[in-house]
Structures are given as structure tokens and as C-alpha cells.
Amino acid sequence: MFGSNPTSVFKGALLTVAMRWTDRLIGFISTLVLARLLVPEDFGVIAMASLVIGLIDVFLDLGVNVALIQNRNATQAHYDTAWTLRLVQSCLVTLIVFLAAPYAAEYFNDSRVTPVLQWLAAGVLLAGLENIGVITFQKEMRFSLDFRFTFLKRIAGFFTTITAAAILQNFWALVIGTLVGRLIGVILSYFIHPMRPRLSMARFSEIFAVSQWMLVRSIGIYLDANLHRILVGRRSDTAIMGGYSLANEISAMPSTELLAPVNRVLFPAFVRARDDLAELRRLFLLAQGLQCLIGIPAGVGLALVAEEAVLVLLGEKWLLAVPFVQLLALANVVQAITTSGGYVMMTLGRMAYVALLSWAQVALFVVLAVSLLTADMTDAAEIAVLRLVSGFIGLVLALWLLMQVLHNLRLRDIFGTVFRPLFAAGLMSLSVFWISEYSALNPFWTLVLKIVLGISVYSCVICLVWWAAGKPAGAETYLFDKLRYFLNRRNTAE
């Protein structure tokens, strides 16, 4: 169903999902171990420093990766120019971060941010040296090589960080792990791909024609994703900031992190169908249905088990993060509904629309924050509520813009991909709430019971509603077809 070669793309999607999940699993295990070895204040210091680096970095990021993937005829000169631009960006970011470190520490009211920022600036410079050739793994859909590169880089940083945390017992372990991970990534990139980029600006005008809108979009996306954290860092202490940042990371795992690898495969597939709007519409609706089918229950489910999950996985000292996980997990559900639309707009060259959508989300949050937050307000949970509300308002604009770009798309088509997952997730929530009233088990077994019950109820409701609707073509049909395909192959092999 995904284009002319559905099996290869499906396998690519599976491999990319496996790659992303492996990467996130390593990160998740690292988080669990570090949460036991360190305290919320340590995570808070690193979160504050990371926000500053990300903010400066995004203002200089030209999005050369997207420009290379979108250009089906990219030459070595394009890659050389993209690598040069990225290296220049990294040098500028490193210098600005180093000089801005004391002012950032003053903003966050924590002097520890200064040395952390100055050391992490070196990591930005290292990242700029990475071989630009590894982008071809995604562009040419060679996902096994992409998997190998990502895994080796991640596992090196994992062992370094855990070892340093066990020895130092403070936030410097995270700094050391970041620097070593970046260094290993640079070395691996030249071992795993033969390209040797050179300094060049020969194709600057071609890349910049795409990248200028990617820059505007990237700034908007960063502010949309992190403005709430910047506000929390200013108004709260490092412990609250650490809990909020960890909650933000955890809440993204079930929905956003499940969808990101699928989008990594879908973007090249969308590009291949760019000249056939009927096929592009079909691919979008199928992708949207699959992402809603997975992302909506994942986000809602995490919100339902947040308290037990924090107690079991992180420990009592992290209970302050529970309300943040609940609210931010629901905010990430919106991503399950809108994530594919942005890739469709990029595919059709509507970079201005994508940038507009990102900045509209930022403007919504700013307006709500200015209107509703008082000067003495320090409750991070209220900021998370604003994040949730602005996301739902932005959803309406996102769908409207998408229909302006893809003219053969109707609102009822989008509603058809969302209704069944939302309905099933609602009944799943009711069942979990009901069992919570009568469960007297300890947190671990309560967590297990809620997960099993939630998955069972959601799966049954989805199948029943799909069957009652006459088994319409969509995400459920696609999954059942693939299940039958693999079962038939297994039976044939036996």
C-alpha cells in the first residue's frame, strides 16, 4: 500500500522503528539508572544548559539535511556545501554559547550553568565535524546502515555516562557522556561512509533556497517545543526544572518517539509520490491512521499510569514529576494527529506554510502565557496546562493549512483516521479509572494491571468498531494485511 514497492518500504519502516526504539530504549535505561544515581537538581542544571545551546543552535540551523533529501539529483558539490554550512554553524554556535554562558546562568539563577555550558559548547563543534555522507542512508532508504551508525554512537555514550555517574555522582557525568558520544559519532561517521566532504560553497544558492524556510520553521518548532521549559526554568528551582524536563522527555516517548521513525521513512516515500496527488493523499491518510492508531493510546495510556510508572521506574524522589507527565503526555497526543501533515507540506514545497504553522503555535502559547500567568506564579503544572491548550488550538490551524495544500483532502477524511482511536482510547480510560478504584495492589502490580487492561480494552474496541463500520480501508486493514502476509510466509517456510 505504500507506493510501488510496499514490502520494501514496510520493511524499511520496521527497521527504522526498531532503530529508533533501540535508541530510545538505551536512552530510557540510561535515564532510569541516572535517576537512581543522581537527583532532580542534576537533571535541572543540564536541562537549563541544553535549552541555551538548543536555542542558539536553532537560530543558525539551515536544515541542510532536508535540502539534501528533498533534492533527488544532489551531487557531491551539494554535500560539500551542506557540510561546510553545518560546520560554519557549529563554529558560530560554539563561540556564542561560550560567551553567553554567564548571562544564561544569571537568567536561570544558577551559577553551575556557566561551566556546564562552556564544556557542552565543545560538543556542538564536534557534531559539526560529522560526515555529511551518513544522510544518504536515510535518503536512499539504506536503513540497516542507519541503524548501525545510530546504535554504535548511542551505546558508546550510554556506557560512558553510566560509568561517569557511578564515579562522580553529579551532573558532570552527563556532560562527559555527551562529549564522548559526539566524539564517537564523528569517528564512526567516517568509518561507516566513504564520502570525504570538503570545504565548498558552490551550491549555496540552491541549498539556501530550501533552507531559508527550514531555518524559520526550525526556530518556530524549537520555541514551540521548549518555550514552556524556558519559562519553567526561569520561574522554578533546579529540582522542579529537573522533574519537568525529565517528565517532558518521558511523555514524548510513547507518542512522538513511536511516530518519529515512521516519519523518517514516510518523508522519502511522500517525495516519490509528489507528482501524483491522489497517491499522496492515500499515503497521507494511511500514515495518519497508523500514527493515530499507535500515538493516541500511547499518550493517553502514559497519562493514566503516570504515578505508578514514576514510583516503580524512578523512585519516590521523582514524584514531583507525576502531574507534569500526565499533562505533557496528553499534549503529545496532538502530535499523533498532526505529525504527517508537515511532511506533506514539505513534500509539496510549501515551506512557508510549515514555518507559519510552527510560529502560530509559538504565538498561541505566548498569548496564553501573557494573558493567564501572573507575575508571582511559580506552578510548573499551570505552564504544562498552557502547553496542552495551545496544542489543541494549533491543531485546528494545522488541519486547515493541510487542506489548503492538499486540495483533494477533506475534513471527513481526517476525521475517519482519528475517530476510532479516540473512541477506543476513551473507553480504555474509563476501564483503567474503574480498576483504580478497586485495586489494592502495590504500585508495581497496579502498573502491570493497568497496562494489560488498557491494551486489551483498546485493542478489542478498535477491532469491534472497525468491524461494525464495515471494515473500511485504512490503518487496521493495512496492519491485518501485513499480519496475514507474515503468517503466510511463516507457514510456507514451515
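Everything numeric in this text was worked out from a predicted model, so none of it was measured.

*Asks:* Is there a simple way to think about the overall build of the protein chain in this case?
*Replies:* Broken down by element type, the protein chain carries 19 helices and 0 strands. Across the 494 residues in the protein chain, those meeting the buried criterion constitute 55%. Intrachain contacts of the protein chain at a sequence separation of at least 6 include 84% that bridge at least 24 residues. Of the roughly 21,900 Å² that the protein chain leaves accessible, carbon and sulfur atoms contribute 67%.

*Asks:* Help me understand the nonpolar core in this model?
*Replies:* For soluble globular proteins, the rule of thumb is that nonpolar side chains tend to be buried together. Val116, Leu117, Tyr244 and Leu314 are the most contacted members of the largest nonpolar core, which totals 74 residues. Top contributing element to this core by residue count: helix α2 (residues 40-58), with 11 residues. In this view, Tyr244 contacts His228, Arg229, Val232, Phe324, Leu328, Ala380, Ile383 and Ala384; residues no more than four positions away in its chain are not counted. Within the second largest apolar cluster, 38 residues are counted, among which are Phe270, Leu304, Val432 and Tyr478.

*Asks:* Quick question: what am I supposed to make of empty space enclosed by the protein here?
*Replies:* Per the counting criterion, the structure on display carries 2 cavities of 30 Å³ or more. Around the second largest cavity, the lining residues are Ile337, Thr338, Gly341, Gly342, Met345, Leu357, Ala398, Leu399 and Leu402. Elements that contribute at least two residues to the lining of the second largest cavity include exactly α14 (322-347) and α16 (380-405). Sorting elements by how many residues they give to the lining of the second largest cavity places α14 first, with 5 residues. Taken together, the residues that form the lining of the second largest cavity break down as 6 nonpolar, 3 polar and no charged.

*Asks:* Which parts of the structure should I look at to understand the packing of aromatic side chains?
*Replies:* Note on aromatic pairs: each is described by the distance of the centres and the angle between the planes. Considering all chains together, one arrives at 9 aromatic pairs under this definition. Between Phe419 and Phe423, the aromatic rings sit 5.9 Å apart at their centres with planes inclined by 20 degrees, giving stacked as the arrangement. In this pair, Phe419 and Phe423 are both assigned in helix α17 (residues 411-438), 4 residues apart and thus about one turn of the helix distant. Of the residues examined, Phe423 reaches a relative accessible area of 37% and is grouped as partly exposed. Among the aromatic residues, ring-to-ring pairing joins Phe415, Phe419 and Phe423 into one connected group. For Arg234, the ring lying beneath its charged end belongs to Tyr107, and the centroid distance is 5.1 Å.

*Asks:* Sorry if this is basic, but what is going on with the environment of Phe151 here?
*Replies:* Here Phe151 is to be found in helix α7 (residues 143-168). Sequence separation between Phe151 and Ile26 is 125 residues, and the spatial gap between their C-alpha atoms is 8.9 Å.

*Asks:* Please explain the layout of surface pockets as it appears in this structure.
*Replies:* If you roll a probe as big as a water molecule over the atoms, it shows you where there is empty space left. By volume, the second largest pocket is sized at about 320 Å³. What lines the second largest pocket is a set of 18 residues, among which Leu285, Thr417, Ala473, Gly474 and Ala475 lie closest to the centre. Of the residues belonging to the lining of the second largest pocket, the class tally is 8 nonpolar, 4 polar and 6 charged.

*Asks:* Before we go on, may I ask you to explain a nonpolar patch on the surface in this structure?
*Replies:* Together, Val88, Leu92, Leu95, Ile96, Phe98 and Leu99 give the surface a local cluster of nonpolar side chains, amounting to about 540 Å² of exposed area. Along the chain, Phe98 turns up in helix α4 (residues 76-108). Judged by relative accessible area, which is 43%, Phe98 ranks as partly exposed.

*Asks:* Looking at this structure, how should I read unusual backbone geometry?
*Replies:* Trans is the prevailing form of peptide bonds, just as negative phi is the prevailing case for residues other than glycine. Phi at Gln169 is positive, roughly 60 degrees, even though this residue is not glycine. Mapping Gln169 onto the fold places it in the loop between α7 and α8 (172-192). Not every positive phi belongs to a glycine, and Lys471 is a case in point at roughly 50 degrees. Mapped onto the elements, Lys471 comes out in the loop between α18 (443-468) and α19 (475-493). For Lys471, a relative accessible area of 48% puts it in the partly exposed group.

*Asks:* Even after reading the chapter, I still don't get the packing of helix α5 (residues 113-128) against α8, so can you show me in this structure?
*Replies:* Packed helix pairs are specified by the crossing angle of their axes together with the interaxial distance, meaning the distance between the axes. Where α5 contacts α8, the two axes come as close as 8 Å, and the packing angle between them is 10 degrees. Classed by the angle they form, the pair α5 and α8 counts as roughly parallel. Where α5 approaches α8, its residues Pro115, Val116, Trp119, Leu120, Ala122, Gly123, Val124, Leu126 and Ala127 are matched on the opposing element by Trp172, Val175, Thr178, Leu179, Arg182, Leu183 and Val186. Grouping the constituent residues of the contact of α5 with α8 by class yields 13 nonpolar, 2 polar and 1 charged.

*Asks:* Sorry, what's going on with α17 here?
*Replies:* Every α-helical turn comprises 3.6 residues, leaving residues that sit three or four positions apart pointing alike. Its 28 residues give α17 an end-to-end C-alpha distance of 41 Å, which sits within 8% of 40 Å, the value for a rise of 1.5 Å per residue. Along α17, the helix axis deviates most sharply at Val418, where the bend reaches about 35 degrees; the proline Pro421 sits within four residues downstream.

*Asks:* Would you mind going over the pattern of salt bridges with me for this structure?
*Replies:* Pairs may arise between side chains of opposite charge once their charged atoms sit close together. Under the counting rule described, the total for this entry stands at 7 salt bridges. One salt bridge in this structure joins Glu130 and Lys153, with 3.5 Å as the shortest N-O distance. Here Glu130 is found in the loop between α5 and α6 (135-139), whereas its partner Lys153 is found in helix α7, with 23 residues between them in sequence. In this structure, the salt-bridge partner of Asp224 is Arg387, at a minimum N-O distance of 3.1 Å. With a gap of 163 residues between them, Asp224 in helix α9 (residues 204-235) and Arg387 in helix α16 connect regions that are remote in the sequence. Each member of the pair Asp224 and Arg387 is classed as buried.

*Asks:* Sorry, what's going on with the packing of helix α12 (residues 277-304) against α18 here?
*Replies:* Following both chains from N to C, one finds α12 and α18 inclined at 150 degrees, their axes separated by 11 Å at the closest point. When the interaxial angle is binned, α12 and α18 end up roughly antiparallel. Here α12 runs over α18; the crossing is right-handed. Here Cys292, Leu293, Pro297 and Leu304 of α12 come into contact with α18, specifically with Lys450, Tyr458 and Ile462. For the contact of α12 with α18, a count of residues per class yields 6 nonpolar, no polar and 1 charged.

*Asks:* Looking at this model, I keep getting lost on the state of the cysteines. Mind explaining?
*Replies:* Note on terminology: disulfide describes a covalent bond linking the sulfur atoms of two cysteines. Under the criterion given, the structure shown has 0 disulfides. Of all cysteine sulfurs, the one in Cys460 lies closest to Cys463, which takes part in no disulfide; the gap is 6.9 Å. According to the relative accessible area criterion, Cys463 is partly exposed, its value standing at 36%.

Cut-offs used in this document
Residues numbered from 1 in each chain as written. Predicted model: local features only at pLDDT ≥ 70, side-chain atom pairs only at ≥ 80, totals over all residues. Heavy atoms only, no water. Helix = DSSP H or I, 4+ residues; strand = E, 2+ residues; numbered from the N terminus. Buried < 20%, exposed > 50% of the residue type's maximum accessible area, 1.4 Å probe, protein only. Contact = heavy atoms within 4.5 Å. Areas by Shrake-Rupley, 256 points an atom, 1.4 Å probe, with all protein chains shown as cover. Core = buried A, V, L, I, M, F, W, Y, C linked by side-chain atoms within 4.5 Å. 1 Å grid on protein atoms, 1.4 Å probe; cavity = no way out; pocket = protein on both sides within 12 Å on 5 of 7 lines; lining within 4 Å. Points joined across faces, edges and corners; volume = space filled by probe spheres on them. Nonpolar A, V, L, I, M, F, W, Y, C, P; charged D, E, K, R; others polar. Phe/Tyr/Trp six-rings, centres within 6.5 Å; stacked < 30°, edge-to-face > 60°. Lys NZ or Arg CZ within 6 Å of the ring centre and 35° of its normal. Patch = residues over 30% accessible without salt bridge, like charges linked within 9 Å, V, L, I, M, F, W, Y side chains within 5 Å. Salt bridge = Lys/Arg side-chain N within 4 Å of Asp/Glu carboxyl O. Axes fitted to C-alpha atoms, helices over the stretch in contact; angles between N-to-C directions. Parallel < 35°, antiparallel > 145°, perpendicular 65-115°, else oblique. Expected span 1.5 Å × (residues − 1). Bend = angle between axes of the 7 residues up to and from the residue. Left-handed = near helix turned anticlockwise from the far one by under 90°. Disulfide = S-S within 2.5 Å.

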